[in-house]
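Here is what each chain is made of, one letter per residue.
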Amino acid sequence: MARVVNPRFLPLFLLFALLSLMLAPRAGAQQGPLAPWLEARAREHAAWAEDSTRVRSGPMGLWREWVSREPMLPGFVPPTSLAPLIRAVEAGVVNINVMGESSPLEDAVRSASGSGFLLTPDGLVVTNNHVVARGNEAASEIVVRLSDGREFQAEVVGRDASTDVALLRLLGKGVGGLPAVYLGDSDRLEVGDWVVAIGNPFGLDHSVSHGMISAKERVIGVGPFDDFIQTDALINPGNSGGPLFNMRGEVVGVNTAIITEGQGIGFAVPINMVKDLLPNLRKNGQLQRGWLGVMIDEQPQVGTRAAVVKQVFRGSPAAQAGIRPGDQVVGVNGKQVDSYQQLLRKVAMLAPGSEAKLSLLRDGSPREVRVKLTARPAQEVLAAMASPGNLGELGVVLREVTPEVAAPMGLEPYAGVLVSGVLPRSPAARAGLRSGDVVTEVNRRKVKDIAAVKGALDKGAGASVLLRVQRGDLQQYVALEP
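Residues numbered from 1 in each chain as written. Predicted model: local features only at pLDDT ≥ 70, side-chain atom pairs only at ≥ 80, totals over all residues. Heavy atoms only, no water.

### Considerations on the overall build of the protein chain
Scanning the protein chain from N- to C-terminus turns up 11 helices and 32 strands. Out of the 482 residues in the protein chain, the part that is buried amounts to 40%. Surface exposure of the protein chain reaches about 26900 Å², of which carbon and sulfur atoms provide 53%. (Helix = DSSP H or I, 4+ residues; strand = E, 2+ residues; numbered from the N terminus. Buried < 20%, exposed > 50% of the residue type's maximum accessible area, 1.4 Å probe, protein only. Areas by Shrake-Rupley, 256 points an atom, 1.4 Å probe, with all protein chains shown as cover.)

### Quick word on the nonpolar core
For soluble globular proteins, the rule of thumb is that nonpolar side chains tend to be buried together. Counting 32 residues, the largest nonpolar core has Phe-117, Val-126, Phe-245 and Val-274 as the members making the most contacts within it. For this core, the elements supplying multiple residues, two or more each, are helix H3 (83-89), strand S5 (124-127), strand S10 (165-170), strand S12 (194-199), strand S16 (250-258), strand S17 (266-270), helix H5 (271-284) and helix H7 (340-348). A total of six residues in this core trace back to one element, the largest contributor, which is H5. Judged by nonpolar contacts, the second largest core, of 20 residues, contains Ile-296, Ala-307, Ala-356 and Leu-360. (Core = buried A, V, L, I, M, F, W, Y, C linked by side-chain atoms within 4.5 Å.)

### Here we look at the environment of Leu-344
Along the chain, Leu-344 falls in helix H7. In this structure the C-alpha to C-alpha distance between Leu-344 and Phe-225, which are 119 residues apart in sequence, comes to 8.0 Å.

### Considerations on helix H11 (residues 450-459)
Along H11, the residues classified as buried are Ile-450, Val-453, Ala-456 and Leu-457. Here the buried residues of H11 occupy an arc of 125° about the axis, which is enough to place them on one side. In H11, the exposed positions that point more than 90 degrees away from the buried face belong to Ala-451, Asp-458 and Lys-459. (Arc of directions from axis to C-beta.)

### Concerning the pairing of strand S24 (residues 365-372)
Across eight bridges, strand S23 (residues 355-362) lies against S24 in antiparallel orientation. Looking at S24, one finds that Lys-357 is bridged to Arg-370. (Pairing = 2+ DSSP bridges.)

### Thoughts on the side chain of Asn-246
Position of Asn-246 among the secondary structure elements: in the loop between strand S15 (243-245) and S16. In terms of polar contacts, Asn-246 uses its side chain to reach the backbone amide nitrogen of Glu-250, at 2.9 Å. Beyond its immediate stretch of four places on either side in the chain, Asn-246 contacts Leu-85, Trp-194 and Val-252. (Polar contact = N/O pair within 3.5 Å; in protein donor to acceptor, adjacent residues only side chain to side chain. Contact = heavy atoms within 4.5 Å.)

And the structure:
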């Protein structure tokens, strides 16, 4: 494409061109010492001539102005109208009305409304848990109205308060062939991306607001899985549970929360978190959290907060998969992990019995392991497993009989070790060991602390373990088969 030289610089341009011709080496002649200098100046002049057709300087060179008709920002296309996108996706947005119980002081039945979207053509709907929850129970009557005016009764398939997500199913005749939405990839969102929120604020059906992504991975203190998308697209009461669309017409978030004191600050649950959660809700009706069996130490690194394994619980899924302390977890099922919170969310969303593929770094070398998750143990069991007195292979948790422990129990200090916990279905449980028992001997060796117990176990020759146990005034021998 031809370039036009600014007329102000035409004499200088002609003089430089003439000088270049006069000093340029002739074909076949040996280049002189000026040749490299002339070539460099020619390249600089070409770049200057090209730039002079695009950029104009202000007085004294204080600023620059773009005067070319070519785009200054390659790849950026400003939006003109959102009407085609809205027409294509609005049929998948629904209104949700929840009927509550009558108050003795009211004649009418209290109701609340929210939004949602059609997940499948056969009538599965996603909304917020707080839209359909009444205390700890689900609402007894839920009515879903489509954009064409049809209404359906709905039932709760599953819901989870910690993520504020609920899955509904439409009931009755005519359920089928419904205009379901498409889900996008919220991990690919960038701050500044355009988004559209559609919902029913204040009962105004199918209201549309638009804005952009203001921030990602916002923690606002509503639960253990805080990972919100922040947007300035207006979200008001009644928008809860409605979809947040990207410019491809894909749902990238579930509109959930607002800050009442501010304007233009709304939050949405990332759709990738919802994708991880939905199979769990459909199968179990609630979030059954998968458990890996590790303690994580978050270490700062450039651009990330590395999730490094600090401890692996004995007998846990992680131990069975060969995960070791010092391993860095960098991915779960192909999704990158940059922090402990990300690892927690991705694992906890998977149901017990699920198989997960973990990407690790061990001594700088990448490797992958497959882990079959189990149900998360009760908190008291987890605390026992983390105890230094945990003998995982035997399924018993021991505690030293210090003077503080001995006094209220009427025991002699350091007369043995106290059984503080017995894991279900363990060798200790099968042998009848109980919390409160005092172990005085291990394999015919007297023990007074946990170190002595472990030393006696290490010196044991046989596969079985023989314990002498005091239970009240009774002493007996108990054999454990690991």
